[in-house]
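Structural features, examined
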Amino acid sequence: MRAQIIDGKAIAARMREATRAEAEALAEQGWMPRLVSISVGDTAAAELYVRNQGRAAAQAGVAFETRAYPDSISLEQLVGVVTGLNADPRVGGIIIQRPLPAHIPVKALQKAVHPLKDVEGMHPASIGNIVYNDLALGPCTAVAAVEILKTLPLGLEGLVVTVIGHSEIVGKPIAFLMMGLGATVTVCHHMTRSVPMHSRAADAVFVAVGKPGLVTGDMIKPGAALIDIGINRVETADGPRTVGDADFDSCAEVAGWITPVPGGVGPVTVSVLMQNAVLATRMQMAHYRATYTGAAE
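These remarks concern the structure in this document. This structure is a prediction, so every number in the text was calculated from the model and none was measured.

1. Remarks on the side chain of Thr 19
Relative to the elements of secondary structure, Thr 19 occurs in helix α1 (residues 8-28). Take Thr 19: its relative accessible area is 3%, and that puts it in the buried class. Aside from chain neighbours lying at most four places away, what touches Thr 19 is Ala 60, Met 274, Gln 275 and Val 278.

What follows is the structure in structure tokens.
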């Protein structure tokens, strides 16, 4: 039986509805969720992402502002911009668009974002909290991938999971998030001796490497869930296509569930970003109330 294709757009739409209700409740209390997007230099590469974020924000009841700076701006100047946004109570979250010019290290800029406004979940504090099973503002893509798995009729406690890819913002957070849910997790990377040995033993496989066709059907346990997080542009006889890290056709013949690319993890990631924006606003409201009025939310 061919795998059931997971509809990421439908999952994302449901999440946005819930987020919008929360955003409206916060706005009634004077705390309108508001995101500020920062782009530097040639913004063409990030233009589509920014447009999608703006559209999703409107649907989720979140205000969205874009700011573009020339590539001549220094790291120190950008940190100054971020520091000002950190201090502005009207700003609920800050998004750093990629790519950045070579002289702007993304990690340094991400560290400048206050953890309470880190809607992308990429501040070291946000990543570190996952180790303590305190999700708070988690990395959007990792959280989205796990949220998709949660929609499937699989018991997460004791589930055997293989994560292929161990990046700081996707693979590793997924592993910790799944362990926090009671799964038994194996993480594979470029030094793993036999990735297929681990992937064939798993009830669920996450792949986030950036190599098209890396995972094939003979690497998947029959009936397993395959969450493909890869986004790759490849040339075909019919022109350029966007594909994931899995060979979709061969994997779909074996897996029980599979995410398409595009239309799988991507839309859910954007919805998690909006969910984080609302959560960040609520956390800041509680922080200001506790700090300046002595009353918690």
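2. Description of the sheet that holds strand β4 (residues 93-96)
Whenever strands of a sheet pair, they do so through backbone hydrogen bonds, lying parallel or antiparallel. In spatial order, the strands read β3-β2-β4; together these three strands make up an open sheet with parallel pairing. The open sheet has two free edges, formed respectively by β3 (63-69) and β4, since each of these has just one partner strand. The sheet shows a mean angle of 20 degrees between the axes of neighbouring strands, direction not considered. Docked against the sheet, helix α2 (residues 44-60) engages β2 (34-40), β3 and β4, running at close to 160 degrees with respect to β3. Across the sheet, helix α3 (residues 75-87) lies against β2, β3 and β4, angled at about 175 degrees from β2, the strand it touches most.

3. Points about the packing of aromatic side chains
The tally for this structure, following the rule as stated, stands at two aromatic pairs. Taking 5.5 Å as the distance between ring centres and 50 degrees as the angle between the ring planes, the aromatic pair formed by Trp 31 and Tyr 288 counts as tilted. In this pair, Trp 31 is assigned in the loop between α1 and β2 and Tyr 288 in helix α10 (residues 265-292), connecting sequence segments 257 residues apart. Residue class for Trp 31 comes out buried when judged on its relative accessible area of 17%. Exposure remark for Tyr 288: the relative accessible area of 24% places this residue in the partly exposed category. One aromatic cluster is present, built from ring pairs that chain together Trp 31, Tyr 288 and Tyr 292.

4. Topic: the sheet that holds strand β1 (residues 4-5)
Pairing is parallel in the open sheet, where six strands are placed in the order β1-β11-β8-β7-β5-β6. At either end of the open sheet lies a strand with only one pairing partner, and these are β1 and β6 (184-188). Where strand β5 (residues 160-164) lies against strand β7 (residues 204-207), four bridges are found, and the strand directions are parallel. From the neighbouring strand, Val 161 faces β7, where its bridge partner is Ala 204.

5. A short note on the packing of helix α5 (residues 124-131) against helix α7 (residues 171-180)
For the pair α5 and α7, the least separation of the axes is 8 Å and the interaxial angle reads 35 degrees. Two secondary-structure elements touch here, α5 through Ile 127, Ile 130 and Val 131 and α7 through Pro 173, Phe 176 and Leu 177. Taken together, the residues of the contact of α5 with α7 break down into six nonpolar, no polar and no charged.

6. Here we look at the nonpolar core
The biggest cluster of nonpolar side chains holds 50 residues, and the ones touching the most others in it are Leu 149, Ile 174, Met 178, Phe 206 and Ile 229. At the level of elements, α1, α2, α6 (140-150), β5, α7, β7, β8 (225-228) and α10 are the ones that each hand at least two residues to this core. By residue number, the principal contributor to this core is α10, which donates nine residues. Other than its neighbours up to four places away in sequence, Met 178 contacts Val 146, Leu 149, Leu 156, Val 161, Ala 183, Val 185 and Phe 206.

Calculation criteria
- Residues numbered from 1 in each chain as written.
- Predicted model: local features only at pLDDT ≥ 70, side-chain atom pairs only at ≥ 80, totals over all residues.
- Heavy atoms only, no water.
- Helix = DSSP H or I, 4+ residues; strand = E, 2+ residues; numbered from the N terminus.
- Buried < 20%, exposed > 50% of the residue type's maximum accessible area, 1.4 Å probe, protein only.
- Contact = heavy atoms within 4.5 Å.
- Pairing = 2+ DSSP bridges.
- Axes fitted to C-alpha atoms, helices over the stretch in contact; angles between N-to-C directions.
- Phe/Tyr/Trp six-rings, centres within 6.5 Å; stacked < 30°, edge-to-face > 60°.
- Nonpolar A, V, L, I, M, F, W, Y, C, P; charged D, E, K, R; others polar.
- Core = buried A, V, L, I, M, F, W, Y, C linked by side-chain atoms within 4.5 Å.

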